Amino acid sequence: MDGARMRRRAGALLAGLAVLGGGLASAAPLLPVEPPAPDLVPLLRLAAPPLDKPPVRILELPLPAPPEALPALPAAAVWVDLANRPAAPLPEARKFLPCVGTFLKFSSELLECGRARFAEGDLKEARAYLEAAAERGEGGVRQEARFLLGETFLRLNQLDASGRNFLMASQENPHSGLGLHGSLALGLVTLQLNDPARAVATFERLLAGPAPYEVMAYASHGRALALYARGRYAEARDVWHALFRTGRLPPLLDRELSFWFGETLGRVGDYAAAEDHLRRFTGGGSHALLEPAMLRLGWWALAAGHPAESAKAFQSFLAAYPSSGEHAWARFGLVRAFLALDDLPAAEAAAGQLRTAAAEHPLAAPGLLLLLRASVENNRDAQAQGLVQELLGLNLSPASRAYALLLNAEVNRRAGQSGEARSQFELTRSIQPAGLLAWHATLRIAQMDLEAREFSRALAEVGGLLSQPLPPELAGAALLLRGEAAYRDKVYQSAAEAFGRFVAEFRGHPEAAGAFLSLAWAEFRLGRLEPARQRWLDFAWSFPRDPRAGEALLLAAELAAQAGDLATAGSLLDQFLSRFPVHPHAPIAKLNRAILELRAGQYRSASTWLKELTQSVPLSPFVGRMRLATGVALLAAGSPAEATAEFNEALKQGEDVLAHLGLGSAALALRRWAEAERHFLQAREAAGEPVRVLAEYGAAAAAFHEGKRTAFPQAATAFLASPYPGALVPRVVYALAAVTVEEKRWAEARHWTLRLVNDFPGDEAADDALARLGAGAVAVKEWPLVVESYQLLLIRYPGSPHAAESRLDLAEALLRTGAPAEARGLLESFVASAARDPRLPRALLLLAEAQEATGERAGAVEALARLVREEPRSKLAGTAQMARARLLQELGRWDESRQVLEQVLGEGDAGFRGEAAFRLGEGYRARSLHAEAVEAYMTAAYLAPQTPWARRALLAAGQSFEALKESSSAVTVYRKLLAQPSVEPELAAEARKALQQLGQSP
């Protein structure tokens, strides 16, 4: 590690020691993750302070969704075309005198006559002969007679009788052709009789054996229909999906499957696929399932995000089936589809038709609520108020009534009718005193109080709100409201707390800058001048494009001067002059002189020479190149503002590509990300390969700083493969490694980290990259990756401060990946040298675990004892005590174990007393000291009544009572255990068994 890096590390560690007052330093800092740019020195801006804190804006809150979930579309009624199934292998009826032999009463002749009458459609005669054949016949004759009887009753629409005969036909010879077809017919009839559970069983028995493909296909379809009818949609989908994959569906089944498969896909959330299947089905012409298919096409198309197609489907359904029992669902779907299309008039018309056609339908109110919300969002106040009045006339649930009042209050507030709005917000809270609607109403009341300058009242309203589990948009607004009201009411401590919490939790919020600046002002008003100065500096750096950043720098410079830190004040003023070259207090000449003073060196001399040269030969044909070179020199010297002017002049002279690249680099140095991105993109359009790659990388780097990191990995990877990265490769690779760690893409993070370590082992960021990868993996318990990264860190960079810091996490990772011996070595070393390290309790606990895993249980006992002895206030002390007591018991050191358990029981962590009492009882019982054991067990049940320890203790107490021959007491505790609401099944079973053995009923 080079000297500069060592100095940086040493400085950071010394700073940590100073903060901790001589204690151990916090984690060593990591290098910042920033895509590298040309060697530029950022220009700093200064600004004059405002007279007082500018107000923060309370952004318009999004309207809450209706409080009640949208109704679910009912499942389609299962319909079976019983005539659409494979033909059974039946012989043809005899053509000549088929009934001539019936007088002989032979079963075969009776069957022959019944077969002929069935073929002729004389179902009554057929039934008589077939029943006689079934009664007299045996084997195949009886089976065919039963099968034909099933078909006869099916045609007579006597489904129960049909099913009984198909059942008997299938039982006669299950594996014969008629047996298989009988089972199939039985399943379909059972399904038509609305007994899907029995149908599932029938089809599954049929599918368990060999059968012709067509029979198997129809049986699979029938099973899927039965599963659908039972609400087992995922299983039904899988069956139909498997049928489609065969690619050889029976023609009559193919189309029907498209409907059911599509409908089921919608039920399991695959909306796009559902829409596709249903669209193909409805486009195939007339079908018995066309009516439900058209409705569901509209429903799932809407769920798939295709409202226009959804609306068309609903309209077609209503036109084709005006009397459908599901028309209300179609009209409700139209309301939703038109709202998704931002077609409020059409949505209103659809809602009106829904109310007219089904005023009392449960969908009427949800449709009106959706329309009301859209009307308020689109500032259609008159329509919204009409809808509110209509809704309030319906029999609404309390939550829906409160929602309608809340939205009406929003309309009145927006219209300036604050009194009416406040009344309705308060009525909303009275109906729904808790939850999202109440929170929204409270926030609006507080906001109106703030606008009316009733600051104390606003504070009182919003005070209790922040203790609730608010969604982010409400929590952010509540914090801003509290901070602003408290500041205006001169309650600066409350203001600082609110703004500070907002800054910590809402960094990406549009008002983050305002809150950050407000926090600095609150600190200033509290007399905390140093924190205020740091806040203003942080603001200037965190929000460099904010117009108030200059003011923040000037305020920070003023406070630095007040504190006597003139060097810092001068530096801040220089920064202000650099960042605001046209400011009234910063003339251009002074800016130039300041830049020379701050940036003295070779590049500055070069830029001065180039300027003089340009002035001396203004008409030279190379003036564009001179301007470009001057800009490059100034940029390298850390003068991007001057460089920008030079690059702009070069641009006028035709130096298109390089001038735009220079302007982009200068803007990047000035943290003007959008401007930088624009110039890099302009350079890309004019450049050829491979300069285009550099421009694309610059644009991605600018976007990266704005938080838009999506394009960075691809652009940076291409940049690394180009001829241009040079010395920048380690910084780019480090940025890629850091981004992929942050996004938890572990394979890529490992790749880029190892590339940096292997290709640039001496780079100052190499150990940082390993440390960052290891820490990220620790956070999500990716233990093998922790082991790899931290072991490599220790091997390659033993002198890195990260190496020392990683030992404990590495030890735990080794322990978690099945290497307790290696973990133990690291932990013993750590414990031996970390007497004042705050991580010592964790290390001792892990050491005990490693020692136990390697058979050194006595050593584990000593490690746990040390933890308790040296760190009695640690959060891990209770855990250590219990582990120690357990190990002592296992080692047979009962007296020591008892002392530890009694100590926990008497003065230890309350959370462990129940367990301690239970383990104490176990020790006594193992030694047949049942009276003492009972006392300990009952103590556990008393101290921790709702825990597993209490329930285990009750069972054990009963067993000890039995040993003491105190049966009545045993019965009492057993019954007390069984009365517990969450008793474990195995404990309950033992208790019941014990009661039975005692002659008692459970």
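Residues numbered from 1 in each chain as written. Predicted model: local features only at pLDDT ≥ 70, side-chain atom pairs only at ≥ 80, totals over all residues. Heavy atoms only, no water.

(A) Structural view of the overall build of the protein. What the protein contains, in helices and strands, is 50 helices and zero strands. For the protein, buried positions account for 50% of its 1002 residues. Taking the intrachain contacts of the protein between residues at least 6 apart in sequence as the baseline, contacts between residues at least 24 apart amount to 56%. (Helix = DSSP H or I, 4+ residues; strand = E, 2+ residues; numbered from the N terminus. Buried < 20%, exposed > 50% of the residue type's maximum accessible area, 1.4 Å probe, protein only. Contact = heavy atoms within 4.5 Å.)

(B) Here's a closer look at the nonpolar core. Of all hydrophobic cores here, the largest spans 101 residues; its most connected members are Leu 184, Trp 240, Phe 259, Trp 260, Leu 339, Leu 372 and Phe 425. Residues contacting Phe 259, with those up to four places away along its chain left out, are Ala 76, Leu 278, Phe 281, Leu 289, Pro 292, Ala 293 and Arg 296. By size, the runner-up hydrophobic cluster in this structure holds 70 residues, among which are Leu 754, Ala 803, Ala 860 and Ala 953. (Core = buried A, V, L, I, M, F, W, Y, C linked by side-chain atoms within 4.5 Å.)

(C) Seen up close, the environment of Tyr 321. Take Tyr 321: it is sitting in the loop between helix 13 (307-320) and helix 14 (327-340). Residues Tyr 321 and Leu 295, 26 residues apart in the sequence, show an inter-C-alpha distance of 9.9 Å.

(D) Representation of the pattern of salt bridges. Overall, the coordinates contain 52 salt bridges when judged by the stated rule. Here Glu 511 ties to Arg 57 by a salt bridge, and the two come within 3.1 Å at their closest N and O atoms. Taken as a pair, Glu 511 in the loop between helix 23 (492-505) and helix 24 (512-525) and Arg 57 in the loop between helix 1 (3-19) and helix 2 (107-120) lie far apart in primary sequence, 454 residues in all. You can call Arg 57 partly exposed: its relative accessible area is 49%. A salt bridge links Glu 131 to Arg 127; its shortest N-O distance comes to 3.1 Å. (Salt bridge = Lys/Arg side-chain N within 4 Å of Asp/Glu carboxyl O.)

(E) Structural context of the packing of helix 3 (residues 123-136) against helix 4 (residues 139-155). Put simply, helix 3 and helix 4 touch, their axes get as near as 9 Å, and they point 150° apart. In terms of axis orientation, helix 3 runs roughly antiparallel to helix 4. Considering only the axes of helix 3 and helix 4, their crossing is left-handed. On helix 4, the residues that touch Leu 123, Arg 127, Leu 130, Glu 131, Ala 133 and Ala 134 of helix 3 are Val 141, Arg 142, Ala 145, Arg 146, Leu 148, Leu 149, Thr 152, Phe 153 and Arg 155. Classifying every residue of the contact of helix 3 with helix 4 by side-chain character gives nine nonpolar, one polar and five charged. (Axes fitted to C-alpha atoms, helices over the stretch in contact; angles between N-to-C directions. Parallel < 35°, antiparallel > 145°, perpendicular 65-115°, else oblique. Left-handed = near helix turned anticlockwise from the far one by under 90°. Nonpolar A, V, L, I, M, F, W, Y, C, P; charged D, E, K, R; others polar.)

(F) Region of the structure containing the packing of aromatic side chains. All chains considered together, the criterion is met by 23 aromatic pairs. Here Phe 516 and Phe 543 contribute two aromatic rings whose centre-to-centre distance is 5.6 Å and whose plane-to-plane angle is 75°, an arrangement assigned as edge-to-face. Of this pair, Phe 516 sits in helix 24 while Phe 543 sits in the loop between helix 25 (529-542) and helix 26 (549-562); the two residues are 27 residues apart in sequence, bridging distant segments of the chain. For Phe 516, a relative accessible area of 6% puts it in the buried group. The class of Phe 543 is buried, set by a relative accessible area of 19%. Members of the aromatic cluster, each reached through a chain of ring pairs, are Tyr 228, Tyr 233, Trp 240, Phe 259, Trp 260 and Phe 281. Its end group placed over the ring of Tyr 213, Arg 248 keeps NZ or CZ at 3.8 Å from the ring centre. The side chain of Arg 255 reaches across the aromatic face of Phe 281, ending 4.6 Å from its centre. (Phe/Tyr/Trp six-rings, centres within 6.5 Å; stacked < 30°, edge-to-face > 60°. Lys NZ or Arg CZ within 6 Å of the ring centre and 35° of its normal.)

(G) Representation of helix 12 (residues 290-303) within the structure. A rise of 1.5 Å per residue sets the reference length of helix 12, with its 14 residues, at 20 Å; its end C-alpha atoms lie 20 Å apart and thus fit the reference within 8%. Most of helix 12 sits inside the fold, with 12 of its 14 residues counted as buried. The inward-facing, buried residues of helix 12 abut helix 10 (251-267), helix 11 (271-282), helix 13 and helix 14. At the C-terminal side of helix 12, Gly 305 shows a positive phi close to 85°. (Expected span 1.5 Å × (residues − 1).)

(H) Representation of helix 50 (residues 985-997) in the model. Here helix 50 is 13 residues long and its end C-alpha atoms lie 18 Å apart, about the 18 Å a rise of 1.5 Å per residue gives. Residues Leu 987, Ala 988, Ala 991, Ala 994 and Leu 995 constitute the buried set of helix 50. Looking straight down helix 50, one finds that the buried residues subtend no more than 125° of arc, so they occupy a single side. Opposite the buried face of helix 50, at more than 90 degrees from it, the exposed residues are Pro 985, Lys 993, Gln 996 and Gln 997. For helix 50, the elements touching its buried residues are helix 48 (948-963) and helix 49 (967-978). (Arc of directions from axis to C-beta.)

(I) Structural detail: the packing of helix 37 (residues 746-759) against helix 38 (residues 766-779). Remark: helix 37 packs on helix 38, axes separated minimally by 9 Å, with the N-to-C direction vectors making an angle of 160°. One finds that helix 37 runs roughly antiparallel with respect to helix 38. The element helix 37 and its partner helix 38 pack so that their crossing is left-handed. Taking contact as the criterion, the partners of Trp 746, Ala 749, Arg 750, Thr 753, Leu 756 and Val 757 in helix 37 are, on helix 38, Ala 766, Ala 769, Leu 770, Leu 773, Gly 776 and Ala 777.

(J) Representation of the confidence of the model for the protein in the model. This prediction gives the protein a mean pLDDT of 80; 87% of its residues lie at or above 70. Of all the helices and strands in the protein, helix 28 (residues 588-598) carries the lowest mean pLDDT, 32, while helix 11 carries the highest, 92. Contacts from residues 1-26, a stretch scored under 50 in pLDDT, to residues over four places away or in other chains number 36 contacts. Under a pLDDT of 50 for its full length, residues 38-49 has, in the predicted model, 69 contacts with residues more than four places off or in other chains. (pLDDT = per-residue confidence, 0-100.)

(K) Layout of unusual backbone geometry. Of note, Asp 342 is a non-glycine position whose phi angle comes to about 60°, a positive value. Mapped onto the secondary structure, Asp 342 falls in the loop between helix 14 and helix 15 (344-357). The phi dihedral of Lys 781 falls on the positive side, at around 60°, and the residue is not glycine. By the secondary structure assignment, Lys 781 is in the loop between helix 38 and helix 39 (783-796).

(L) Layout of the environment of Gly 177. Within the secondary structure layout, Gly 177 lies in helix 6 (residues 177-192). Residue class for Gly 177 comes out partly exposed when judged on its relative accessible area of 32%.

(M) Highlighting the side chain of His 440. With respect to the helices and strands, the residue His 440 is situated in helix 20 (residues 436-451). Among residues more than four places away in sequence, those in contact with His 440 are Leu 61, Pro 62, Pro 64, Leu 406, Glu 410 and Leu 474.

(N) Expanded view of the environment of Ala 721. Mapping Ala 721 onto the fold places it in helix 35 (residues 712-721). In this structure Ala 721 comes out as exposed when scored by relative accessible area, which is 69%.

(O) View of the side chain of Ser 170. Secondary-structure assignment places Ser 170 in helix 5 (residues 159-172). Ser 170 sits in the buried class, given a relative accessible area of 7%. There is a polar contact of 2.7 Å between the side chain of Ser 170 and the backbone oxygen of Leu 167. If near-sequence neighbours (up to four positions away) are discounted, Ser 170 is found in contact with Gly 179, Gly 182 and Ser 183. (Polar contact = N/O pair within 3.5 Å; in protein donor to acceptor, adjacent residues only side chain to side chain.)

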